[in-house]
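# Examination of the molecular architecture
Listed below, chain by chain, are the residues.
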Amino acid sequence: MNGKMVNKWVNSVKDEVIQWRRHLHQYPELSYHEEKTSQFVYDLLCSFENLEVSRPTKTSVMARLIGSQPGQVLAFRADMDALPITEETNLDFASRIPGVMHACGHDGHTAMLLGAAKILSRLKDSVQGEIRFLFQHAEEVHPGGAKEMIQAGVLEGVDQIIGVHLMPHIPVGKMGFTYGPATAYSDRFDIKIQGRGGHGSEPHKTIDPIAVGSQIITNLQHIVSRNTDPMDQLVISVTKFHGGDAYNVIPDTVSLGGTVRIFNPELHGQVRGWMERVIKGVAEAHSAQYEFDYRYGYKSVLNDERITKIMEDTVSESFGKDAVQLVPPMMGGEDFSAYSHEVPASFILVGAGNVNKGTNYPLHHPRLILDEDALENGVRLFVHAAGKFVLQETNHEGAKEWAIMRSS
């Protein structure tokens, strides 16, 4: 696809994309509550030509651009939900909703895909097949909106799907690629230790659940260091430990909780058993009782080798070879994984960091600021991806649309 032409199209929507992103940033909504956000997206998509717009779920939106000729179906996905974080950026367009913030870039993802949809909607006669735009709710909260959208049929007939994520640790102008597993399986667990409380001065008359819980934490790490190959990159993190209210009272119970992260699907199926063996063994050794609740979360995002190579080559051709960064898998969880286990997929990281602009705070930080120059790159990426999979610049029926776009 002609790079200069694409740049011209993207420049024509750049200001709108920034405006859309800022509007969304000011009015963030939490997972499963994206009523105004999804209505905003729905109304905009309905204002574009040639799109069939629908609501797969209460707070999600899908738009279909069905070409004049048969071919493959390419899906793009953007997530729309925000986080329960109080913003500390002091931006002119900072969140106006107390305690809620777009601290993971989903406002940018949505705006970028809207910009791509506006451009591509004018190219209907150049589409061989279909482009499907998925604006997804509830990425941040398990079981996640992706699963619900799949159940609603959004992947029916889809041949490949592409998702992006703005990343502040990658400089603007760079894009990150990972082959195979790109994110980890992300599970959660809760443990309750039932002991026998008593006075802090007489611990010998108690079954101290704090001491038992401490030993459980220590021994869970032996699973990581002694049960698995270091190359398997297993993480078991206890992130909560609650028990006791007084300085001189040993409590009856304590509760612990945390997360498990792993890439290897075979070992993923064994971790729960390993953990319970440790918990049971320590608890029984001290005559304590336990409750163990293990909840499976998002699967690992699987980047299809063929689709990812096409996208890497596309970025190299369109942005320059220096724009490509091969990055290791992330231990973070991502519900794009649900799509990637259904159809060939590629999840691409779009650089949004710029130290000179102070946009280097990590995701989920209350001071996260994204360099808005990244939005233009995201739109370009979507359009070039469409050019690789479903657009035919030279087909006769699409000549008019290409001519219009050239002159716009």
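Residues numbered from 1 in each chain as written. Predicted model: local features only at pLDDT ≥ 70, side-chain atom pairs only at ≥ 80, totals over all residues. Heavy atoms only, no water.

## Let's talk about the pairing of strand E16 (residues 345-353)
In terms of burial, E16 is largely enclosed, as 9 of its 9 residues are buried. On E16, burial covers both faces: Ala345, Phe347, Leu349, Gly351 and Gly353 on one face and Ser346, Ile348, Val350 and Ala352 on the other are all buried. With 8 bridges joining them, strand E5 (residues 160-171) and E16 adopt parallel strand pairing. Directly across from Ile162, in E16, lies its bridge partner Ser346. Pairing geometry for strand E6 (residues 175-177) and E16, over 2 bridges, is antiparallel. If you follow Met175 over to E16, its bridge partner there is Val350. (Buried < 20%, exposed > 50% of the residue type's maximum accessible area, 1.4 Å probe, protein only. Helix = DSSP H or I, 4+ residues; strand = E, 2+ residues; numbered from the N terminus. Pairing = 2+ DSSP bridges.)

## Comments concerning the environment of Ala63
Along the chain, Ala63 turns up in strand E2 (residues 61-66). Of the residues examined, Ala63 reaches a relative accessible area of 0% and is grouped as buried. For the pair Ala63 and Ala75, spaced 12 residues apart in the sequence, the C-alpha separation amounts to 9.9 Å.

## Section: the sheet that holds E2
What the 8 strands build is an open sheet, ordered E1-E2-E4-E3-E5-E16-E6-E15; its pairing is mixed. Edge positions in the sheet fall to strand E1 (52-54) and strand E15 (324-326), since each has one partner strand and no second. Adjacent strand axes in the sheet meet at a mean angle of 25° when their direction is disregarded. As judged from the 4 bridges shared by strand E3 (residues 69-79) and E5, these two strands associate in the parallel manner. In the sheet register, Ala75 faces E5, and the bridge partner there is Ile161. Running at roughly 20° to E2, helix H2 (residues 35-47) makes contact with E1, E2 and strand E4 (128-136) of the sheet. (Axes fitted to C-alpha atoms, helices over the stretch in contact; angles between N-to-C directions. Contact = heavy atoms within 4.5 Å.)

By themselves, these figures tell us nothing about what the structure is for.
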